[in-house]
Amino acid sequence: MKIVVFETEQWEQDEFQRLSDDHEISFEVDPLSVETADDHRDAEVLSAFIYSDLSADVLEKFENLKMIATRSTGFDHIDAGYCKENGIIVCNVPTYGENTVAEHVFGLLLTISHNLLTAFDRTRKGDFSLKGLQGFDLKGKTLG
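Only a predicted model underlies this, so the values are computations on that prediction, with no experimental measurement involved. Each chain carries its own residue numbering, running from 1 in the written order of its sequence. For this predicted model, a pLDDT threshold of at least 70 governs which residues receive local features, and a threshold of 80 or more governs which side-chain atom pairs are given and counted, while totals over whole chains, interfaces and linings are taken from all residues. Computation of side-chain values: all heavy atoms of the structure, hydrogens and water removed.

### Topic: the nonpolar core
- Counting 17 residues, the largest nonpolar core has Leu32, Leu46, Leu54, Leu59, Phe62, Leu65 and Ile68 as the members making the most contacts within it.
- The helix and strand labels rest on DSSP assignments: H or I over at least four residues marks a helix, E over at least two residues marks a strand, and numbering proceeds from the N terminus. Going through the elements one at a time, strand S3 (45-48), helix H3 (56-59) and helix H4 (80-85) are the ones with two or more residues in this core.
- Residues count as neighbours in contact if any of their non-hydrogen atoms are within 4.5 Å of one another. If we skip the residues at most four places from it in the chain, leucine 32 touches Phe6, Ala37, Leu46, Ser52, Asp53, Leu54, Val58 and Phe62.
- Residues belong to a common nonpolar core when they are buried Ala, Val, Leu, Ile, Met, Phe, Trp, Tyr or Cys residues joined through side-chain atoms within 4.5 Å. Relative accessible area decides the class of each residue, using a 1.4 Å probe on protein chains only: under 20% of the type maximum gives buried, over 50% gives exposed, and in between gives partly exposed. In terms of nonpolar packing, the next biggest core, distinct from the first, is built from 5 residues, Ile3, Val5, Phe16 and Val45 among them.

See the structure below:
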């Protein structure tokens, strides 16, 4: 199969190379767009991240397209209706970043509850006053 992987960094390309014994693989650093699609019209599989344009206008350029594999949980950047009408399989990564996103949320909560951004900005300016920096505990708070 001819696979084209968009929005790639070198470490991702290294991982995809394992498929090269059985498939022809091409890499694009840029996202899929009307312009970048022209060079890969014969692709059978597209792999992209969230910045690629996977609208019907772009997808119709691929006459042999059988599958789209998005390297994200969400797939709202893909025209699912067009894919269904044309028998194109759409795959995603349902567990992508689930721990990372949750940890990031806690980091943001602590930043807000303890005024960390304000404290950081003041410290960088040489202002070490504590006025207005008293935060609050998350214990006992309702989230949602």
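On we go.
### With respect to the environment of aspartate 137
- Within the secondary structure, aspartate 137 is located in the segment after helix H6 (116-124).
- Overall, aspartate 137 belongs to the exposed group, its relative accessible area being 57%.
- Spatially, the C-alpha atom of aspartate 137 lies 8.9 Å from that of leucine 110, the residues being 27 residues apart in sequence.

### Some points on the pairing of strand S4 (residues 67-70)
- In this structure, S3 lies alongside S4, joined through 4 bridges in parallel fashion. Paired with valine 45 across the bridge in S4 is methionine 67.
- By the criterion used throughout, a crossover qualifies as right-handed when its path from the first strand across the helix to the second strand runs clockwise, the strands pointing away from the viewer. The handedness of the S4 to strand S5 (residues 89-91) crossover, carried by H4, is right-handed. Any two strands with at least two DSSP-identified bridges between them are counted as paired.

### Points about the side chain of glutamate 44
- Within the secondary structure layout, glutamate 44 lies in the loop between helix H2 (34-37) and S3.
- Polar side-chain contacts of glutamate 44 include one of 2.9 Å to the backbone nitrogen of lysine 2.
- Those residues in contact with glutamate 44 that sit more than four places away from it in its chain are Met1, Lys2, Asn64, Leu65, Lys66 and Met67. N or O atoms closer than or at 3.5 Å make up a polar contact, with two conditions inside protein: a donor-capable atom paired with an acceptor-capable one, and, for residues adjacent in sequence, both atoms drawn from side chains.

### So, the sheet that holds strand S1 (residues 2-5)
- One open sheet accounts for 5 strands, arranged S2-S1-S3-S4-S5; its pairing is parallel. Among the strands making up the open sheet, the edge pair consists of strand S2 (24-27) and S5. Taking the axes of each pair of neighbouring strands and ignoring which way they run, one obtains an average angle of 15 degrees across the sheet. Under this scheme, a helix contributes an axis fitted over its contacting stretch, all axes are lines through C-alpha atoms, and angles between N-to-C directions fall in the 0 to 180 degree range.

### Some remarks on the pattern of salt bridges
- Should a side-chain nitrogen of Lys or Arg be within 4 Å of a carboxyl oxygen of Asp or Glu, the pair is scored as a salt bridge. The final tally for this structure, using the stated rule, is 8 salt bridges.
- A salt bridge links glutamate 44 to lysine 66, with the nearest nitrogen and oxygen atoms 3.1 Å apart. You can see glutamate 44 sitting in the loop between H2 and S3 and its partner lysine 66 sitting in the loop between H3 and S4, a full 22 residues away along the chain.
- With its nearest N and O atoms 3.1 Å apart, the salt bridge here joins aspartate 121 to arginine 124. In this pair, aspartate 121 and arginine 124 both sit in helix H6, 3 residues apart, roughly one turn of the helix.
- Note on aspartate 121: relative accessible area 28%, which makes it partly exposed.
- Through salt bridges with shared partners, a single ionic network connects Lys2, Glu24 and Asp42.

So yeah, pure geometry; function would need other evidence.
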